[in-house]
Amino acid sequence: MAHKIDADKCVGCGCCKDACPAEAISEGTPYVIDADKCVDCGACASTCPNEAIAPVS
Ligand code: SF4
Ligand code: SF4
């Protein structure tokens, strides 16, 4: 399990990257989550202003 960013919804604000305790999120268009680093804490999903992040199996 990890979290994934929906490219169609990401507006590039960077809030998720700042919130991630595992440094799993990289800046880009869209921002990208490294599934190998993600610890599934959910902090990024909670902070995203556009509901662009959700858990994936
Ligand atoms: S918080 Fe949401 S909108 Fe902002 S960069 Fe992350 S995924 Fe994109
Ligand atoms: S769920 Fe947690 S560890 Fe995974 S990318 Fe989001 S903030 Fe980082």
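These figures come from a predicted structure and were not determined experimentally.

Participant: I keep staring at the overall build of the chain and nothing clicks. Help me out?
Facilitator: Along its length, the chain carries 2 helices and 4 strands. Along its sequence from the N terminus, the chain presents helices and strands in the succession β-α-β-β-α-β. By the compact-globule yardstick of 10 Å for 57 residues, the chain fits well, its C-alpha radius of gyration being 10 Å. With the C-alpha coordinates aligned to their principal axes, the bounding extent of the chain is approximately 25 × 20 × 20 Å.

Participant: Can you walk me through the site of ligand 1 in this structure?
Facilitator: In the vicinity of ligand 1, 15 residues are found, and the nearest of them are Cys-10, Cys-13, Cys-15, Cys-16 and Cys-48. Partitioning the shell around ligand 1 into residue classes produces 11 nonpolar, 4 polar and no charged.

Participant: I would appreciate a short explanation of the site of ligand 2 in the present structure.
Facilitator: Around ligand 2, 14 residues are found, and the nearest of them are Cys-20, Cys-38, Cys-41, Ala-43 and Cys-44. Of the residues in the shell around ligand 2, the class split is 11 nonpolar, 2 polar and 1 charged.

Participant: Where do I start with the pairing of strand S1 (residues 2-5) in this structure?
Facilitator: Along any regular strand the residues' side chains alternate between the sheet's two faces. Residues His-3 and Ile-5 of S1 are buried on one face, while the alternating residues Ala-2 and Lys-4, pointing to the opposite face, are not. The pairing of S1 with strand S4 (residues 53-56) spans 4 bridges and is antiparallel. When the bridges of S4 are listed, Ile-5 appears paired with Ile-53.

So, how was this worked out
Residues take numbers from 1 onward in each chain, read along the sequence in its written order. In the order they appear in the text, chains get letters beginning with A and ligands get numbers beginning with 1. For a predicted model such as this one, the threshold for reporting local features is a pLDDT of at least 70, and the threshold for listing and counting side-chain atom pairs is 80 or more; totals across whole chains, interfaces and linings nevertheless cover every residue. In this description a helix means any DSSP run of H or I spanning at least four residues, a strand means any run of E spanning at least two, and both kinds are numbered starting from the N terminus. Atoms considered for the radius of gyration are the C-alpha atoms alone. The globule rule reads 2.2 Å times the number of residues to the power 0.38. Nearness here has a simple definition: the residue's C-beta atom, placed using the backbone, must lie within 6 Å of the molecule or strand. Ten residue types, Ala, Val, Leu, Ile, Met, Phe, Trp, Tyr, Cys and Pro, are classed as nonpolar, four, Asp, Glu, Lys and Arg, as charged, and the remainder, Gly among them, as polar. Exposure classes come from backbone-placed C-beta atoms, where a residue is buried if 20 or more other C-beta atoms lie within 10 Å of its own, exposed if 12 or fewer do, and partly exposed in between. When DSSP locates at least two bridges between a pair of strands, those strands are taken to pair.

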